[in-house]
Structures are given as C-alpha cells and as structure tokens.
Amino acid sequence: MWGGRFAAGPAAVMREINASLPFDKRLWRQDIAGSIAHANMLGAQGILSADEAATIIAGLEAIHAEYEAGDLPHDLDLEDIHMATESRLADKIGPVAGRLHTARSRNDQVATDFRLFVRDAMDEVDASLYLLQRALIDRAAEHADSVMPGFTHLQSAQPVTLGHHLMAYHEMIARDRSRFADARARINLSPLGAAALAGTGFPTDRHMTAAALGFDGPTRNSLDSVSDRDFALDYLMAATQCSLHLSRLAEEFVIWASQPFGFISLPDAYSTGSSIMPQKRNPDAAELVRGHAGRIVGCMTSLCVTMKGLPLAYSKDMQDDKPPLFEAHDLLGLSITAMTGMVETTLFRTDRMRALAESGFSTATDLADWLVREANVPFREAHHITGRVVKAAEQAGATLADLPLDTLQAIDPRIDARVHAVLTVDASVASRTSYGGTAPDQVRARIAEARAALDVE
Ligand code: ARG
C-alpha cells in the first residue's frame, strides 16, 4: 500500500511488530461502515463519479458478507484491518478500489472506527448495568425487612436490612451508568475527514459522513481528531470505577458464602467443586469478578501510560490503544453478567443473618441513644454505661435484649423496663427513619424511586 518509496521489504520482526491485524480485525464492521459513509460522500460531492462510488460500495457490502460469514483476513503483510479490507476490495473490483482512500488517511479512519466501537461498547455496558440494577432492586424489595449485621471494620456495628445493603450497590451502579452516559455524550463527534492530520483540500462534506455514522457532527480540529484517545480512556476510567464496585460486591459474596458467615448459598451455576475436597463449593465466579477488576485497572493504566507525553499528531504507539480497551470491555461484560446472575439466584440465609445481628451486641448504640433520649444522659456518659452493659452481656453469654432488667439497673438505675423495646434488632432497624436510613419503610421508598427512575414496575 505504501511501497513506492521503498526498495526492500520489511524484516520479519518488523512485519510482526507492525501488524495490528490480529487484534484490530475486531473493528471490521466499523471499518466498513466508515468506508461506505466516506464513499457515499465522495460520490455526492463529485470527488468520485456516481458509478465509482456505487462500485466501491457494492464491493464493501460483499466484503461485509464475507467477514460476517467468518472469512476474516489474517495475512500480517496487510498490517491492519483498514489495509486488509482495501486490498480485498481491490481483488474484487479492481483499480477503482484505489479511489476509496481519496481525502482520507488511516489516521482519521482508525480514529473513526475506534470511536464507533467504543460508542457501542458504552451502550452495551449501559444495557447490562441496567439489568444488574433491576436484579438488585428485585432482591432488595424481597428483603426490605430482612435484618442482617451492618459492619464497620468488618466488625458487627449496627443492624441493617439486606434490602438496604443491596440498594447501596444499586446507588453505585447508578453512578457508574451516569459516568458512561457522560462519556457517551462526549464521544459522539466524527473524526472522519480530518485526514492524516491537517485536513484535506478536496471538497469533502464532513457533516454528511458524521450524520451517516450517527455522530452529532464532525470534530472541530483535525490535529486533535487523529490524536485524541480520551474517549477510550473515558471508557476505561468508567469501566475501572464500575469494576471496583463489582469487586466489592463480589468480595462480600465470597465472605458471605464462607462457612463462618453462612449468609448465602451460591447456586451450583455460579460455584465450582474441588478436585480433592468433596465438600467444597467454591465461589469462583465471584472471585473472578474480584480478580478481573485488577486486570481492568491494568488496562486503564496501560492506555494512560501509552498516551502520556505523546506529541501531536498520530504516533504508532497509539496502535496499542486497542488491546487494553478490548480486554477491559470483555472482562467488564463478563463481570457484570456473572454478578447479575449471582444477585438474581443467590439464596440469602436470612435466619443466619438475623442470628448474627442479634449475637453481636449490634443494638448497643440503640441503648446509648435511649439513655440520651429517655434519661437525659449526655451521650459520652451513655456510651460508657452501654459499654459496661455490653461487658455484662458478654460475661453472661446473653444478647442485650435478653439481659434481665435488674442486671441493667445494677449498672445504671436510670434504665427502666421500656428499654427492652429498643434492644431488638427489628426495633433498631425500624428506628433508623432518617432519609436514606435502613428503616424498612425508607428502603421501600428508595426502591420505589429507583424503579420509577428505571421505568420499571
Ligand atoms: N493500525 C494503525 C493503528 O491502529 C492504523 C493507523 C496507521 N497510521 C499510520 N500513520 N501508520 O493505529
């Protein structure tokens, strides 16, 4: 394609280091769509004759069908999907194929293809995150009243409801979707027609190709158009944030599925056995979601470092933009789908959650608050009194709710029988009625809002 100036062919290793075809063939749909839009525009502008444009487009459509049928190019000498498709076009329609590249460069071509791919990737992620949100909401609604221990430092802190806990992840996923939506709004300008770096002298119509490819309009600066990979970084940064959220939920599933916790039983479909220990049921899918987050962070870091310090305009380093994006997109898709499946099908052992919430003195704050409210004790003093009560309960092997009144009164005579009403875990969660708190009615209100926002019943 560029041999005119060259006397000798490339070294074998040059062919290998230079070729992006092994990975960028994944852009074939976008590449053909971009070429068809370009050929149409060249025809409409009289840069090509109507016949030439029609011949080129028919050839590209035939190649589309071949690629679709699985006959993708693989010859490394063809370098990349752009050259491979152009060379196949020449095989099909002869020398007129050589007119397609008028007023275009691979630099704006690849920038266009990649934008189109990442735009679709954002839409795919959005659609699958929506399904995860729905799964979280459905399970949360089922468990708006199910009490479990809430933790800080992974120590029993205060009782919460499982519904509240699941809705916390719903909030994170909603923010993830909004990050992808922000990026989606920025990505939607077309670099096609920026040519190599400076624009072109041909009377092109960049608005026409932009519209044909579903862009809001053309990009405004030709140098920026061929150099910008922010859109891929936007994707990777949003993917990173999302994968961190998924990894936290995955980690909780791993912990909850462990025997000492026993909060959940993962279904067979998301577990594996051990080749040696017959009793095992391992949370491999959750562990891999946790693990994949690390790789996604790596992909994001990889492209950041590729782009750092690159002068304008295009440099070949930028060819390395695609593998990390593809890898992250595949890993994120798997992670979201696996996590959604686990959320949908996990058996929550609510009896076990409740028992642990009751055994961990998790209503101690409720006792301290009661002393403040009902006996006008300053909070610091109430904290101290409650600490002594917890110690007594620990020694007696009892829960706070089970401690006899005279034991409580021996610690502080201002405690009276009414206190028992606040020491149960149900009373504790029911009392957390502040906006966004864990009281079941609050959780149900937030679920209703979330359903309305997603437009589901
Ligand atoms: N395969 C190249 C890439 O992915 C296409 C652009 C080549 N441009 C160039 N000036 N060599 O970046």
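Since the structure is predicted, the reported quantities are computational estimates derived from the model, not experimental observations.

## Quick look at the pairing of strand 2 (residues 155–161)
Along any regular strand the residues' side chains alternate between the sheet's two faces.
Piece 1. Pairing analysis gives 5 bridges linking strand 1 (residues 147–152) to strand 2, with the strands arranged antiparallel. Bridging from a neighbouring strand, Phe-151 pairs with Ser-156 of strand 2.

## Concerning the packing of aromatic side chains
Piece 1. Tallied over the entire structure, the rule returns 9 aromatic pairs.
Piece 2. Taken together, a centroid distance of 6.2 Å and an interplanar angle of 50 degrees make the contact between Trp-256 and Phe-263 tilted. Like Phe-263, Trp-256 is buried.
Piece 3. Taken together, the aromatic side chains of Phe-151, Phe-253, Trp-256, Phe-261 and Phe-263 make up a single cluster linked through ring pairs.
Piece 4. A cation over an aromatic ring shows up here: Arg-119 above the ring of Phe-215, its NZ or CZ 4.9 Å from the ring centre.

## So, a nonpolar patch on the surface
Piece 1. Side chains of Met-1, Trp-2 and Phe-6 sit close together on the surface and give an oily, nonpolar patch of about 370 Å² of accessible area.
Piece 2. Structurally, the position occupied by Phe-6 is in the segment before helix 1 (12–18).

## A word on the UniProt feature "domain: Argininosuccinate lyase C-terminal" (unreviewed entry) in the protein chain
Piece 1. The feature "domain: Argininosuccinate lyase C-terminal" (unreviewed entry), as given by UniProt, occupies residues 361–430 in the numbering adopted here.
Piece 2. Annotated as 61% helix and 0% strand, the span residues 361–430 places its first and last C-alpha atoms 17 Å apart.

## A look at the packing of helix 7 (residues 162–187) against helix 18 (residues 440–454)
Piece 1. As a packed pair, helix 7 and helix 18 sit with axes 11 Å apart at the nearest point and diverge in direction by 30 degrees. With respect to each other, helix 7 and helix 18 are oriented roughly parallel. Our pair here, helix 7 against helix 18, has a crossing hand that is left-handed. Listed contacts from helix 18 to Gly-163, His-164, Met-167, His-170 and Arg-177 of helix 7 are Val-443, Arg-446, Ile-447, Ala-450 and Leu-454.
Piece 2. Residue classes in the contact of helix 7 with helix 18 are distributed as 5 nonpolar, 3 polar and 2 charged.

Cut-offs and rules
- Residues numbered from 1 in each chain as written.
- Predicted model: local features only at pLDDT ≥ 70, side-chain atom pairs only at ≥ 80, totals over all residues.
- Heavy atoms only, no water.
- Pairing = 2+ DSSP bridges.
- Helix = DSSP H or I, 4+ residues; strand = E, 2+ residues; numbered from the N terminus.
- Phe/Tyr/Trp six-rings, centres within 6.5 Å; stacked < 30°, edge-to-face > 60°.
- Buried < 20%, exposed > 50% of the residue type's maximum accessible area, 1.4 Å probe, protein only.
- Lys NZ or Arg CZ within 6 Å of the ring centre and 35° of its normal.
- Patch = residues over 30% accessible without salt bridge, like charges linked within 9 Å, V, L, I, M, F, W, Y side chains within 5 Å.
- Areas by Shrake-Rupley, 256 points an atom, 1.4 Å probe, with all protein chains shown as cover.
- Salt bridge = Lys/Arg side-chain N within 4 Å of Asp/Glu carboxyl O.
- UniProt positions renumbered as here; feature names shortened; annotations may be inferred.
- Axes fitted to C-alpha atoms, helices over the stretch in contact; angles between N-to-C directions.
- Parallel < 35°, antiparallel > 145°, perpendicular 65-115°, else oblique.
- Left-handed = near helix turned anticlockwise from the far one by under 90°.
- Contact = heavy atoms within 4.5 Å.
- Nonpolar A, V, L, I, M, F, W, Y, C, P; charged D, E, K, R; others polar.

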